[in-house]
Amino acid sequence: MGKYIGIDLGTTFSCMAYIDDSGQPVIIPNREGKNITPSTVLFDGKNTIVGEEAKNQSILEPANFEQFIKRHMGERDYMFSTVDGEKYSPEAISAIILAKMKADAEEYLGDSVDGAVITVPAYFNEAQRKSTMDAGTIAGLNVIAIINEPTAAALAFGISKGNDKQQTIMVYDLGGGTFDVTILRFDKENIIVLSTAGDRKLGGYDFDERIINAVIEDALDKGLNIQADDIARQDLQLKAEEAKKTLSAREKANIVLNSGGKPYKYTLTREKFVDLIEPLLFKTVGSMETACDEAGVEYSDLDKILLVGGSTRMPLVRESIEEETGITPSSEVHPDEAVAIGAAFHVLDVIKCEKEKVVRGETSDKKVANATIPEVKKQYTFTDVTSHGIGIVVSNRNNEEINSVILPKNTQVPAAYTGQYTTTVPYQESLKIQVTQGEEEDLRYVTVIGTADIEIAPREKIVEIEVSISCDENSIIHVRVYDLDLQRDLGEIYIERVANLNEEEIRQSQQRISKLDISGE
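Owing to the predicted nature of the structure, the values given are computational and were not obtained by experimental measurement.

A short note on the overall build of the protein
Here is step 1: Along its length, the protein carries 10 helices and 29 strands.
Here is step 2: For 521 residues, the compact-globule estimate of 2.2 N^0.38 gives 24 Å, and the C-alpha radius of gyration of the protein, at 24 Å, lies within 12% of that figure.
Here is step 3: In terms of overall dimensions, the protein has C-alpha extents of about 80 × 55 × 55 Å along its principal axes.
Here is step 4: Counting all 521 residues of the protein, 57% fall into the buried class.
Here is step 5: The contacts in the protein between residues at least 6 apart in sequence include a share of 67% that link residues at least 24 apart.
Here is step 6: Of the accessible surface of the protein, which amounts to about 22,900 Å², a share of 45% is contributed by carbon and sulfur atoms.
Here is step 7: Treating the 55 positive side-chain charges of the protein as one cloud and the 87 negative ones as another, the clouds have centres 3 Å apart.

A few points about helix H5 (residues 204–221)
Here is step 1: In a regular helix each residue adds 1.5 Å, so 18 residues correspond to 26 Å; H5 covers 26 Å between its end C-alpha atoms and thus fits that length.
Here is step 2: Along H5, the positions that sit buried rather than exposed are Gly204, Asp206, Phe207, Asp208, Glu209, Ile211, Ile212, Ala214, Val215, Ile216, Asp218 and Ala219.
Here is step 3: Of the surrounding secondary structure, the elements contacted by the buried residues of H5 are strand E12 (167–174), helix H6 (230–246), strand E15 (252–259), strand E16 (262–269) and helix H7 (270–295).

Some points on the nonpolar core
Here is step 1: Among the nonpolar cores identified, the biggest contains 48 residues, and Met170, Tyr172, Ile183, Val215 and Ile226 are the most heavily contacted of them.
Here is step 2: Ranked by residue count, the leading element in this core is H7, at 9 residues.

Description of the pattern of salt bridges
Here is step 1: One pass over the structure, following the stated rule, counts 30 salt bridges.
Here is step 2: The shortest N-O distance in the salt bridge between Glu86 and Arg512 comes to 2.7 Å. Taken together, the positions of Glu86 in the loop between strand E8 (80–81) and strand E9 (87–88) and Arg512 in helix H10 (residues 503–514) put the pair 426 residues apart, joining distant regions of the chain.
Here is step 3: Arg512 gets classed as partly exposed once you look at its relative accessible area, which sits at 29%.
Here is step 4: Here Arg497 makes a salt bridge to Glu126, at a shortest N to O gap of 2.6 Å. Of the two residues, Arg497 sits in strand E28 (residues 496–497) while Glu126 sits in helix H3 (residues 126–138), which places them 371 residues apart along the sequence.
Here is step 5: Look at the salt bridges and you will find they share partners, linking Arg31, Glu32, Lys100 and Asp104 into a network.

Digging into H6
Here is step 1: For H6, built from 17 residues, the straight-helix expectation of 24 Å at 1.5 Å per residue is met to within 8% by its first-to-last C-alpha distance of 24 Å.
Here is step 2: When H6 is considered as a whole, its buried residues turn out to be Ala232, Arg233, Gln234, Asp235, Leu236, Gln237, Leu238, Ala240, Glu241, Ala243 and Lys244.
Here is step 3: Taken together, the buried residues of H6 touch strand E2 (13–19), helix H1 (52–57), strand E7 (65–67), H5, E15 and H7.

Topic: the packing of aromatic side chains
Here is step 1: Summed over all chains, the structure comprises 6 aromatic pairs.
Here is step 2: Taking 5.9 Å as the distance between ring centres and 20 degrees as the angle between the ring planes, the aromatic pair formed by Phe43 and Phe80 counts as stacked. With Phe43 in strand E5 (residues 40–44) and Phe80 in strand E8, the pair connects residues that are 37 residues apart, well separated along the chain.
Here is step 3: Residue classification places Phe80 among the buried positions, given a relative accessible area of 7%.
Here is step 4: With 4.6 Å between their ring centres and 70 degrees between their planes, Phe68 and Tyr205 make a pair best called edge-to-face. In this pair, Phe68 sits in the loop between E7 and E8 while Tyr205 sits in helix H5, placing the two residues 137 residues apart along the sequence.
Here is step 5: Among the aromatic side chains, those forming a connected cluster through ring pairs are Phe43, Phe80 and Tyr88.
Here is step 6: Above the plane of the ring of Tyr88 lies Arg512, whose end atom (NZ or CZ) is 3.9 Å from the centre.

Points about the sheet that holds strand E6 (residues 47–50)
Here is step 1: Spatially, E7-E5-E6-E29 is the arrangement adopted by the 4 strands of the open sheet, whose pairing is mixed. Of all the strands in the sheet, the pair left with one neighbour each is E7 and strand E29 (517–519). Averaged over neighbouring strand pairs, the angle between their axes works out to 20 degrees when direction is ignored.
Here is step 2: One ladder, built from 3 bridges, connects E6 with E29; its direction is parallel. Looking at the pairing, Thr48 lines up with Ile518 of E29.
Here is step 3: Of the strands in this sheet, E5, E6, E7 and E29 are in contact with helix H2 (residues 90–109), which crosses E5 at around 95 degrees.

Focus on the sheet that holds E28
Here is step 1: Pairing in this open sheet of 5 strands is antiparallel, and the strands run E20-E19-E23-E24-E28 from one edge to the other. For this open sheet the edge positions go to strand E20 (401–407) and E28, each flanked by a neighbour on one side alone.
Here is step 2: Judged from the 2 bridges that link them, strand E24 (residues 447–455) and E28 form a sheet pairing that is antiparallel. Bridged to Thr451 within E28 is Glu496.

Remarks on the packing of H3 against H10
Here is step 1: It is the contact of H3 with H10, at a shortest axis distance of 8 Å, that shows an interaxial angle of 45 degrees. Taken together, the axes of H3 and H10 lie oblique to each other. Considering only the axes of H3 and H10, their crossing is right-handed. Within the contact between the two elements, H3 uses Asp134, Thr137 and Ile138 and H10 uses Ile506, Ser509, Gln510 and Ile513.

Digging into the side chain of Glu126
Here is step 1: Residue classification places Glu126 among the buried residues on the basis of a relative accessible area of 0%.
Here is step 2: Setting aside chain neighbours within four positions, we find Glu126 in contact with Gln437, Ile449, Ser475, Ile476, Ile477 and Arg497.

Side note on the pairing of strand E10 (residues 113–120)
Here is step 1: Most of E10 sits inside the fold, with 7 of its 8 residues counted as buried.
Here is step 2: On the question of chirality, the crossover connecting E10 to the parallel strand E11 (residues 143–148) by way of H3 is right-handed.

So, how was this worked out
- Residues numbered from 1 in each chain as written.
- Predicted model: local features only at pLDDT ≥ 70, side-chain atom pairs only at ≥ 80, totals over all residues.
- Heavy atoms only, no water.
- Helix = DSSP H or I, 4+ residues; strand = E, 2+ residues; numbered from the N terminus.
- Rg over C-alpha atoms; globule rule 2.2 N^0.38 Å.
- Buried < 20%, exposed > 50% of the residue type's maximum accessible area, 1.4 Å probe, protein only.
- Contact = heavy atoms within 4.5 Å.
- Areas by Shrake-Rupley, 256 points an atom, 1.4 Å probe, with all protein chains shown as cover.
- Lys, Arg positive; Asp, Glu negative; His and termini not counted.
- Charge placed at Lys NZ, Arg CZ, Asp CG, Glu CD.
- Expected span 1.5 Å × (residues − 1).
- Core = buried A, V, L, I, M, F, W, Y, C linked by side-chain atoms within 4.5 Å.
- Salt bridge = Lys/Arg side-chain N within 4 Å of Asp/Glu carboxyl O.
- Phe/Tyr/Trp six-rings, centres within 6.5 Å; stacked < 30°, edge-to-face > 60°.
- Lys NZ or Arg CZ within 6 Å of the ring centre and 35° of its normal.
- Pairing = 2+ DSSP bridges.
- Axes fitted to C-alpha atoms, helices over the stretch in contact; angles between N-to-C directions.
- Parallel < 35°, antiparallel > 145°, perpendicular 65-115°, else oblique.
- Left-handed = near helix turned anticlockwise from the far one by under 90°.
- Right-handed = clockwise from strand over helix to strand, strands pointing away.

Limitation: the analysis is restricted to geometry and does not speak to function.
Printed below as a string of structure tokens:
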């Protein structure tokens, strides 16, 4: 009988956990004995190296090295190309990382991994969530659910630190590549997400980039073009990250490089670093204000601000939060491990719910019938929310295409909302449904995540149509269409997702990844 695990698939580092037979969370180390695995891949001839060794060797083969792939999830046009011309989608690169982690977990546990819950940033859109699930499938994982990272961290906090008193908590999650701020309310048995805001392209990577750009500019003034030297540029990427960490404890950090056979040294002071990253910290404050406004709370209503994500280790981050809110942020959970632990606890809830479906005679598609559930000292049910509004493209009275939101942002999921529309001309034979994600009416500020064409019976009049959009517990979108004139349910329609792989591409990627020799060294 196999095990079920939680996986925090991070931008810079990934982590795994499971709940042991005594109900305690356990971090699963990789084969190198580390609790976290760098989310990096190096294609080295016949070998595909993942993790710390890939990062260490990246300076030798920067063109065959990929990192920060999470920032490209849901981007159909992005492909990583090796020197040999091999191309990999973001889902395939993520699958390589997941396949390594799955193998590491099975070696540590001495058992097969029969299923996993994978975490995603709360502010990920539907295409990015679907890409994450597809990556798990390509890696050979049975993905039984996905869970938002701040919610997972809150779940880990609640089980380990929570009490029976109702609390309102802000989870400030600043990772390597994404930023989320989520407002949650705890009571004795429930975690309810009130709102979420953030930036899917803001994280430690961007702090590093500010350092990198400053170094490149200074080096150019001294006659060195680091940007044109791939090896020096990759060396700078690694040393900028180290300099950032150094400045958490010291007043300055030296970056020493060699470019074009010439030595180069750049001294970065903490004062200069503050100047570089202040605009980024200001953006996180804006998201904090938005999340509180949408939750209907003030900073004074918060009982705690919980820090999650490796980038929250920077004193500057903590200082900016305290200056904005007047609240000293809490580090009661491990910034690198809490999300994976929360995902592992969520495994138990998913299995329990699926087993209850079977007892009721309902169909379960999670393949968890033989799973066992250890007892834990505290259990929570949780309710999450949509991070974006969901709607469709319609024509207004001026015959201009606009976005019509059907399912609002911050709606508790699972949920279903309906909107009523009409055909545009008599004798219309089909409907083109364009599903959108975003809150604005102007299509320039929303994303069309998928399209569908559906046939209808032509009539000599304008026909009323009802569109129902539902969002399941994984925040994956489903669309149904109802012909109000004929009182006919046209059924759930298949959405051709413009940003995601199709089933054949997933199958081909799965076959390709399964043949790779993936290792951590």
